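Architecture and fold: a report
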Amino acid sequence: VTYRVFDYGRTDKDGQPRKLHIKQACEVASLRVSKTDYNFEKHLAKCRYFTVDLMEVKGIRQIFTDGSTFYSLLILEGRLKMKNGLELIDASKGDSIYVGASKGKTILAGDAKMLVTYVEPQ
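Reading the values: the criteria
- Residues numbered from 1 in each chain as written.
- Predicted model: local features only at pLDDT ≥ 70, side-chain atom pairs only at ≥ 80, totals over all residues.
- Heavy atoms only, no water.
- Helix = DSSP H or I, 4+ residues; strand = E, 2+ residues; numbered from the N terminus.
- Rg over C-alpha atoms; globule rule 2.2 N^0.38 Å.
- Buried < 20%, exposed > 50% of the residue type's maximum accessible area, 1.4 Å probe, protein only.
- Contact = heavy atoms within 4.5 Å.
- Lys, Arg positive; Asp, Glu negative; His and termini not counted.
- Charge placed at Lys NZ, Arg CZ, Asp CG, Glu CD.
- Pairing = 2+ DSSP bridges.
- Patch = residues over 30% accessible without salt bridge, like charges linked within 9 Å, V, L, I, M, F, W, Y side chains within 5 Å.
- Areas by Shrake-Rupley, 256 points an atom, 1.4 Å probe, with all protein chains shown as cover.
- Salt bridge = Lys/Arg side-chain N within 4 Å of Asp/Glu carboxyl O.
- Core = buried A, V, L, I, M, F, W, Y, C linked by side-chain atoms within 4.5 Å.

1. Describing the overall build of the protein chain
- A tally of regular secondary structure across the protein chain gives one helix and six strands.
- Walking the protein chain from its N terminus toward its C terminus, one meets helices and strands in the order α-β-β-β-β-β-β.
- For 122 residues, the compact-globule formula gives about 14 Å, and the C-alpha radius of gyration of the protein chain, at 19 Å, lies well above that figure.
- With the C-alpha coordinates aligned to their principal axes, the bounding extent of the protein chain is approximately 50 × 40 × 25 Å.
- Put simply, the protein chain has 122 residues, and 24% of those count as buried.
- Long-range pairs, those at least 24 residues apart, make up 63% of the contacts in the protein chain between residues at least 6 apart in sequence.
- Here the protein chain holds 20 positive side-chain charges and 15 negative ones, and the gap between their average locations is 1 Å.

Structure representation (structure tokens):
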């Protein structure tokens, strides 16, 4: 469930401000101080559900999916081209690319920094 507590002035199809859910958000919000001494080793974040890494591409880099996990790439800086078989995608800052678990070899070319999210195979 997602509760909207701020909406940057966006409007609905009729031009009216979209409904906020402040009361519901306050009812489920945790006001405890967050833990800050996590040790994710080489990862930015890691839990039993997924792992997040920072990846840089300078030139050409290859990733491989063998059916055990997928990759979700969120481009933070720069531009790159992704090639998988006959599929070619141009991506730049703000773009998100999903690489399916059975895609095999994927080539990334360019100069970019991205967040890579995946599920650790069990």
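2. Brief notes about the pairing of strand 2 (residues 51-65)
- In this structure, strand 1 (residues 45-46) lies alongside strand 2, joined through two bridges in antiparallel fashion. By the bridge assignment for strand 2, A45 is matched with V52.
- Taking the residues between adjacent antiparallel strands as the criterion, strand 1 and strand 2 are bridged by four residues.

3. Details of a nonpolar patch on the surface
- Together, V5, F6, Y8, L20 and I22 make up a nonpolar patch on the protein surface, roughly 550 Å² of accessible area in all.
- Among the secondary structure elements, I22 is positioned in helix 1 (residues 22-28).
- On the accessibility criterion, I22 (45% relative accessible area) is partly exposed.

4. Regarding the nonpolar core
- Core analysis: the biggest nonpolar cluster contains 16 residues, and L73, L80, L108 and M114 have the highest contact counts within it.
- Other than its neighbours up to four places away in sequence, L80 contacts I75, I89, D90, A91, I97, L108, A109, G110, A112 and M114.

5. A closer look at the pattern of salt bridges
- Inspection of every chain in the model, using the stated rule, returns eight salt bridges.
- In this structure, R18 and D7 form a salt bridge, with 2.6 Å as the shortest nitrogen-oxygen distance. Taken as a pair, R18 in the segment before helix 1 and D7 in the segment before helix 1 lie far apart in primary sequence, eleven residues in all.
- With its nearest N and O atoms 2.6 Å apart, the salt bridge here joins K81 to D90.
- Its relative accessible area of 47% is what places D90 among the partly exposed residues.
- Linked through salt bridges whose partners overlap, the residues forming this network are R4, D7, R10 and R18.

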